Amino acid sequence: MPVKKGNSHYQFLAKKWTDRHRDLQSKIFTKHEESFKWFADNSKQLVVGSLAGIMLLTTPVLDKIPQAFSSGSAQVAQTIDKKVFLIYDLRKVLPSDVRALTPDEEKDVTTVLSRNFDFSIKAELEGKRLNTTYGIIGAEQHLARFPGDNMFTHFKNADDAQKYWSSGMAPGLGAWRYFTDASDALGVLTQEDIDREKYYIAVQTFLAPGFDSNTKEYTDFFKYRKMLVVNPQNGKAIVADIADAGPSPWTGKQLGGSPEVMSYLERFDGAQKGAVLYFFIDDPNDTIPLGPVNL
Amino acid sequence: MKHKFFYTHLIQITDVTIRLSELDLTEDEKNHLLSLMEANIHSAVIDTVLSELSKEDKKIFLQNLVSENHEKTWEHLKSRIEKLDVKITKAIENLKEDLIKDVLEAQKLSKESNS
């Protein structure tokens, strides 16, 4: 929105009150630094994963800043963690309860995500959509990638083993069975196979509108389909692929994440479970890598 | 105030908004300024409250604040801070005084640029 010529009173007040607010915040963090640091270290489940995110505690969601003003403040804006902006933007458009988004809400969320990520993000792709794009995520186990894959063959290095061992291996296979059919998979397991298991999610494909009437077409569509999964409370995002179907509706959860996905998003299961956004990525040429996305 | 907080019932900002309405502002500009005012009030209240709490109570307060359980936050603060409502009101009033001064200055600027 262009600022009218001569409305220097607006520019004056906006600058003055922005500066005042920044000074106040700075004063608060300096005075109570110890408490905020404690909170940042102990609140993974509550809201934020970084000290920058703590700023949200002392700032209610601001209304849209007129463009002419925000461009004048670009230098200030650039110094702030981009995730904070994403958190702000999503807070403005997401409902307070976790439920399927209305078409308008979904459109707003798509706009926010598309603005922050450099790829095409869609709630509906090729005429297909999931039962929801906003749901509670639960923890899944590691999946066997090839016949004979087990906890001792699964990890690339000792660090990964130490970090993700406790999740264990799922007793059954993923929705599309093994990630590679090769019997001597240790020799031919590709990086793509490894990543597809490492960054997989399980979604309720069976609840997708239209699934029952065209199961084969839908199953083929969902197989290893890339999705952007975002924790709206800390701004962390990951490109994941659909490799399993679930969880059952009675669990109260709408999707599941591999141990690696859950760890990166800082999401947990049980009493501490939380919500994520998950949207299709339109990547016909398969150029977008699976894994964490840096903002 | 657009957003509800544990102290919302103590806020009275009509005196600032009346003065703001005397300025020639677009709807977006007005909303932006109101948001900034809200953000300033929020920070002033948080600072006031944190300054009155012990180390342990600060932690409880921050957790309550993030959970957005305003009633719980208020009850906890009330049990820990004497004359809580008076202290918060005073912090808001002090800030409002400054904000009103700013608006008056802006009005003056506006008149100067129009003359």
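Residues numbered from 1 in each chain as written. Chains lettered and ligands numbered in written order. Predicted model: local features only at pLDDT ≥ 70, side-chain atom pairs only at ≥ 80, totals over all residues. Heavy atoms only, no water.

## Topic: the overall build of chain A
Each helix and strand in chain A was counted, giving 12 helices and 10 strands. Within the span of chain A, comprising 295 residues, buried residues form 51% of the whole. Long-range contacts, defined here as pairs at least 24 residues apart, represent 77% of the contacts in chain A between residues at least 6 apart. Total accessible area on chain A is roughly 14100 Å²; 51% of this is exposed by carbon and sulfur atoms. (Helix = DSSP H or I, 4+ residues; strand = E, 2+ residues; numbered from the N terminus. Buried < 20%, exposed > 50% of the residue type's maximum accessible area, 1.4 Å probe, protein only. Contact = heavy atoms within 4.5 Å. Areas by Shrake-Rupley, 256 points an atom, 1.4 Å probe, with all protein chains shown as cover.)

## Some words on the packing of helix H1 (residues 8-31) of chain A against helix H5 (residues 84-114) of chain B
Here H1 of chain A crosses H5 of chain B at 155 degrees, and the two axes come no closer than 8 Å. Classed by the angle they form, the pair H1 of chain A and H5 of chain B counts as roughly antiparallel. The way H1 of chain A lies across H5 of chain B gives a crossing that is right-handed. Contact residues: Ser8, His9, Phe12, Leu13, Lys16, Trp17 and Arg20 of chain A in H1 of chain A; Leu95, Asp98, Leu99, Asp102, Val103, Glu105, Ala106, Leu109, Ser110 and Ser113 of chain B in H5 of chain B. (Axes fitted to C-alpha atoms, helices over the stretch in contact; angles between N-to-C directions. Parallel < 35°, antiparallel > 145°, perpendicular 65-115°, else oblique. Left-handed = near helix turned anticlockwise from the far one by under 90°.)

## A look at the environment of isoleucine 46 of chain B
Relative to the elements of secondary structure, isoleucine 46 of chain B occurs in helix H2 (residues 27-52). Taking C-alpha positions, isoleucine 46 of chain B is 9.6 Å from leucine 62 of chain B, a pair spaced 16 residues apart along the chain.

## Concerning the pairing of strand E7 (residues 237-245) of chain A
Residues and elements named next belong to chain A. Counting buried positions over the nine residues of E7 gives eight, a clear majority of the element. Note: strand E5 (residues 200-203) against E7, four bridges, orientation parallel. Within E7, the position partnered with alanine 202 by the bridge is aspartate 244. By the bridge criterion, five bridges tie strand E6 (residues 226-230) to E7 in an arrangement that is antiparallel. Within E7, the position partnered with lysine 226 by the bridge is aspartate 241. Bridge count between E7 and strand E10 (residues 291-293): three bridges; the pairing is antiparallel. Note on E10: the bridge partner recorded for valine 239 is glycine 291. (Pairing = 2+ DSSP bridges.)

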